[in-house]
Amino acid sequence: MAKSLEVIARPAQLRERVMQWRRKGERIAFVPTMGNLHAGHGSLVSRAAQLAEHVIVSVFVNPLQFGPNEDFAAYPRTPQDDQNLLRSLHVEVLFAPEVDDIYPRGQETTARVHVPGLEDILCGAFRPGHFMGVATVVTKLLNLVQPDVAVFGEKDFQQLMIIRRAAIDLCMPVEIVGVETTREPDGLAMSSRNRYLLPEQRAVAPHIFAALDRARQAIESGATDYAALEQAGTEALKEAGFRVDYFAIRDANTLQMPNGDSSDLVVLTAARIGRARLIDNVRARRPPAK
Ligand code: PAF
């Protein structure tokens, strides 16, 4: 029988719903989002549905992860479309709290989660406090929902790594699952922020994936001068019209610079065009030494 979508705003009500399922020994999968849902979120929900009997999706635009000059106020909010998509995906519960439900004593004085070593590099260097805000809200949401498994997109590779680390270090009894990035036919990673692109900016946006994929191919063909590959990627994106925050090749297990033992690499970039700051990444396997 098709399940109908229950929209819950209050944490206490959510806990009650979760308790009913837990008492019956049923598994719960959780997909935290900031809404403006698209096919990328759809693939997270589909994965979640394979992993548990019940799927809970949250929509909460978390002010704590936005800097003072960032797009918190402008972030696209499309509650009706989100609900329609979740209904079509047979999601049972949408948790859509207000800011006061999540930060009842205000954001300034709330306890915070930091992941030193990972939160200040790459995107963290350009968005101070961002990953503290992400790690804090995800910890709060995981504590509220108490899922068996939580599902996140690999497009936000650094975010996924920070959440995995926080879950392990803080002994959270949850499995964190990453899902491959969903792309448009021309390679552009799906993102709510693609909405900010004007038609001429949308036309050049696929250069991001193309530059990442060129670096991947070079690594997989044996190139080891990573600084030169990073430089070439940065230049290609600048020529296409982007302002490049970083184009970096890192060890996929640590996010540190690759060393002689690193065989699982990740090429990551963040680049701005118009109002949009786009991020993307691809994995690259370094060929074994001959
Ligand atoms: O990736 C996102 O949409 C957000 O950063 C998350 C994980 C829902 C936390 O607000």
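Before any of the text, the structure's been laid out above.
This write-up is about the structure you can find in this document.

Procedures and definitions
Residues numbered from 1 in each chain as written. Predicted model: local features only at pLDDT ≥ 70, side-chain atom pairs only at ≥ 80, totals over all residues. Heavy atoms only, no water. Helix = DSSP H or I, 4+ residues; strand = E, 2+ residues; numbered from the N terminus. Rg over C-alpha atoms; globule rule 2.2 N^0.38 Å. Buried < 20%, exposed > 50% of the residue type's maximum accessible area, 1.4 Å probe, protein only. Contact = heavy atoms within 4.5 Å. Areas by Shrake-Rupley, 256 points an atom, 1.4 Å probe, with all protein chains shown as cover. Lys, Arg positive; Asp, Glu negative; His and termini not counted. Charge placed at Lys NZ, Arg CZ, Asp CG, Glu CD. 1 Å grid on protein atoms, 1.4 Å probe; cavity = no way out; pocket = protein on both sides within 12 Å on 5 of 7 lines; lining within 4 Å. Points joined across faces, edges and corners; volume = space filled by probe spheres on them. Nonpolar A, V, L, I, M, F, W, Y, C, P; charged D, E, K, R; others polar. Salt bridge = Lys/Arg side-chain N within 4 Å of Asp/Glu carboxyl O. Pairing = 2+ DSSP bridges. Axes fitted to C-alpha atoms, helices over the stretch in contact; angles between N-to-C directions.

## Focus: the overall build of the protein chain
Each helix and strand counted, the protein chain has ten helices and nine strands in total. Here the C-alpha atoms of the protein chain give a radius of gyration of 19 Å, agreeing with the 19 Å that 2.2 N^0.38 yields for 290 residues. Going through the 290 residues of the protein chain one by one, you find that 54% of them count as buried. Within the protein chain, contacts between residues separated by at least 24 positions form 72% of all contacts whose residues are at least 6 apart in sequence. As displayed, the protein chain has an accessible area near 13,900 Å², and 52% of this comes from carbon and sulfur atoms. Taking the average location of the 34 positive side-chain charges in the protein chain and that of its 35 negative ones, the two points are 2 Å from each other.

## Remarks on the layout of surface pockets
In this approach a probe as big as a water molecule rolls over the atoms, and the regions it shows empty are the leftover space. Approximately 350 Å³ is the volume found for the second largest pocket. Taken together, 20 residues form the lining of the second largest pocket, with V59, F60, V61, A96 and P97 sitting closest to its centre. Top contributing element to the lining of the second largest pocket by residue count: helix 3 (residues 79-88), with three residues. A breakdown of the residues in the lining of the second largest pocket according to their chemical character gives 13 nonpolar, four polar and three charged.

## A few points about the pattern of salt bridges
Within the structure shown, the criterion is met by 14 salt bridges. R17 is the salt-bridge partner of E6, the closest N and O atoms lying 2.8 Å from each other. With E6 in strand 1 (residues 6-8) and R17 in helix 1 (residues 11-23), this residue pair connects regions lying eleven residues apart in the sequence. The exposure class of E6 is partly exposed, given its relative accessible area of 25%. What makes R17 buried here is its relative accessible area of 18%. The shortest N-O distance in the salt bridge between E220 and R216 comes to 2.7 Å.

## Concerning the sheet that holds strand 7 (residues 243-251)
If you trace the three strands from one edge of the open sheet to the other, you get 7-8-9, paired in antiparallel fashion. The open sheet has two edge strands, strand 7 and strand 9 (276-285), and neither has a second partner. Between one strand axis and the next, the sheet turns through 10° on average, direction left out of account. Pairing of strand 7 with strand 8 (residues 264-273), which is carried by eight bridges, proceeds in the antiparallel orientation. Note that in strand 8 the partner of A248 across the bridge is L268. Contacts from helix 9 (residues 207-220) reach strand 7, strand 8 and strand 9 within the one sheet, and its direction differs from that of strand 9 by about 20°.

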